[in-house]
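Listed here are the chains, written in short residue letters.
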Amino acid sequence: MRYLVYDVFTDTKFSGNPLAIVFDAADLETSQMQAIAAEFGYSETTFVLPPEAADHTARVRIFTPTAELAFAGHPTVGTATALFDDGGAAEQILELGVGPIPVRIANGRARFVTRVPLTAEHVLGPNDVARCVGLDAGQIRTDRHAPVLAGLGTEFTLAELSGMDALRAASSDAGRFRAVAGPEAHRLAVFVYVRDGDRIAARMFQPLGGITEDPATGSAVAALAAYLGRLDGVSARFEVSQGVEMGRPSRIDAEVTVENGAPVAVAIEGAAVRVMEGHLIV
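Numbers given for residues are sequential positions, taken from 1 along each chain in its written order. Confidence filtering applies because this is a predicted model: local features only for residues at pLDDT of at least 70, side-chain atom pairs given and counted only at 80 or more, and all residues used for totals across whole chains, interfaces and linings. Side-chain figures throughout are based on the complete set of non-hydrogen atoms in the structure, without hydrogens or water.

Undergrad: Any chance you could break down the environment of Thr-217 for me, citing the residues and the numbers?
TA: Secondary structure elements are taken from DSSP: a helix is a run of H or I of four residues or more, a strand is a run of E of two residues or more, and numbering for both begins at the N terminus. With respect to the helices, strands and loops of the structure, Thr-217 is situated in the loop between strand 14 (211–214) and helix 6 (218–232). Each residue's exposure class comes from its accessible area (1.4 Å probe, protein chains only) as a fraction of the maximum for that residue type: buried when under 20%, exposed when over 50%, partly exposed otherwise. Using a relative accessible area of 5% as the deciding quantity, one classes Thr-217 as buried. The sequence separation of Thr-217 and Gly-16 amounts to 201 residues, and the corresponding C-alpha distance is 9.9 Å. By definition, residues are in contact when any of their heavy atoms lie within 4.5 Å. Other than its neighbours up to four places away in sequence, Thr-217 contacts Phe-156, Phe-191, Met-204, Gln-242 and Ile-252. Polar contact criterion, stated in full: a pair of N or O atoms within 3.5 Å, where within protein one must be able to donate a hydrogen and the other to accept it, and residues adjacent in sequence count only if both atoms are side-chain atoms. Within the local environment of Thr-217, its side chain forms a polar contact with the side chain of Asp-214, the two groups lying 2.7 Å apart.

Put into structure tokens, the structure is as follows:
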């Protein structure tokens, strides 16, 4: 069973976010997919299966080391790029857990659009978020928005920080996450960011979900773009850097379309580069 490894949201090998892509995975059980994802140990691994609709490109299942996801950004970009590099079409429709997602490959970059409605609710306060990431409560900005649990199929706690010093000082600790979230701590993913106009620097932590820190989180950026679009009430583009503190810099471009004050679509774009290939023995 053939697999590839791509570094995603980068055009430079050994940076960005690594992704394992397993092909011809229709005969695998869910438990086997989960075990393979844990073996790779990347933030996500995808499994490519035949599409359910004849005019779609592929069905794609996404797994972290501990759970299956309905939607994630870097697996969508990386899998579409891998299919294209293998001779596939530049215009694709991937079947994910949230439904069909169109992807377009052009000039070495993949761009997908999601129209899944934004969900947003206030669950954790500034003190809880600060405790999770090892900061003082005063380093969590609340003047533009309080920490919010938001998502377009996969949810993240989004929190704006006071500045780059706070972003660099943030850290991931399983004990702190467990103390704040209790039995549901494995689901808690905290995305902290600093915004300067249309430029955003970010970090993402989910230590009890098998992700101490993520170098690039397209689904979190999609959620943030949608949420900021709703806050600002206008369509916008954002350039997001992530992974810098890990030594794996990445770039994610996001665009939110807002109509009548509400986000109706989010596009995520980035490059991906092949770094490894091999075969699984199952």
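Undergrad: With reference to specific residues and values, describe the nonpolar core.
TA: Residues Leu-94, Val-103, Leu-158, Phe-191, Ile-200, Val-266 and Ile-268 are the most contacted members of the largest nonpolar core, which totals 56 residues. It is helix 6 that provides the largest number of residues to this core, a total of eight residues. If near-sequence neighbours (up to four positions away) are discounted, Phe-191 is found in contact with Phe-156, Thr-157, Leu-158, Ala-159, Ala-202, Arg-203, Met-204, Thr-217, Ala-220, Val-221, Leu-224 and Gln-242. Note on terminology: a nonpolar core comprises buried Ala, Val, Leu, Ile, Met, Phe, Trp, Tyr and Cys residues joined through side-chain atoms within 4.5 Å. Counting residues in hydrophobic clusters, the runner-up holds 20 residues, among them Ala-159, Phe-177, Val-180 and Val-192.

Undergrad: Explain the pattern of salt bridges residue by residue, including any values.
TA: By convention in these notes, a salt bridge is any Lys or Arg side-chain nitrogen within 4 Å of a carboxyl oxygen on Asp or Glu. In total, this model carries 22 salt bridges according to the counting rule given. Between Glu-277 and Arg-2 there is a salt bridge, with the nearest N and O atoms lying 3.7 Å from each other. Note that Glu-277 is positioned in strand 17 (residues 262–279) and Arg-2 in strand 1 (residues 2–8), a separation of 275 residues in sequence. Overall, the relative accessible area of 52% leaves Glu-277 in the exposed class. Given the relative accessible area of 24%, Arg-2 is considered partly exposed. Among the charged side chains, a salt-bridge network with shared partners connects Arg-109, Arg-111, Arg-199, Arg-237, Glu-239, Arg-251, Asp-253, Glu-255 and Glu-269.

Undergrad: Could you give an account of the packing of aromatic side chains, with specific residues and numbers?
TA: Any Phe, Tyr or Trp ring, taking Trp's six-membered ring, that has another such ring centre within 6.5 Å forms a pair; planes under 30 degrees apart are called stacked, those over 60 apart edge-to-face, and the others tilted. In the structure shown here, the tally under the stated rule is four aromatic pairs. Judged by centre distance (5.1 Å) and plane angle (70°), the rings of Tyr-3 and Phe-40 are edge-to-face. Taken together, the positions of Tyr-3 in strand 1 and Phe-40 in helix 1 (residues 30–40) put the pair 37 residues apart, joining distant regions of the chain. Grouping residues by exposure puts Tyr-3 and Phe-40 together as buried. Relative to Phe-63, the ring of Phe-47 has its centre 5.6 Å away and its plane inclined at 90°; by these criteria the two rings are edge-to-face. In this pair, Phe-47 sits in strand 3 (residues 45–49) while Phe-63 sits in strand 4 (residues 58–63), placing the two residues 16 residues apart along the sequence. As far as the burial class goes, Phe-47 and Phe-63 line up, both buried. Placement of a positive charge over a ring is assigned whenever Lys NZ or Arg CZ falls within 6 Å of the ring centre and within 35 degrees of the normal to the ring plane. One cation-aromatic arrangement involves Arg-2 over Phe-23; the distance from NZ or CZ to the ring centre is 5.2 Å.

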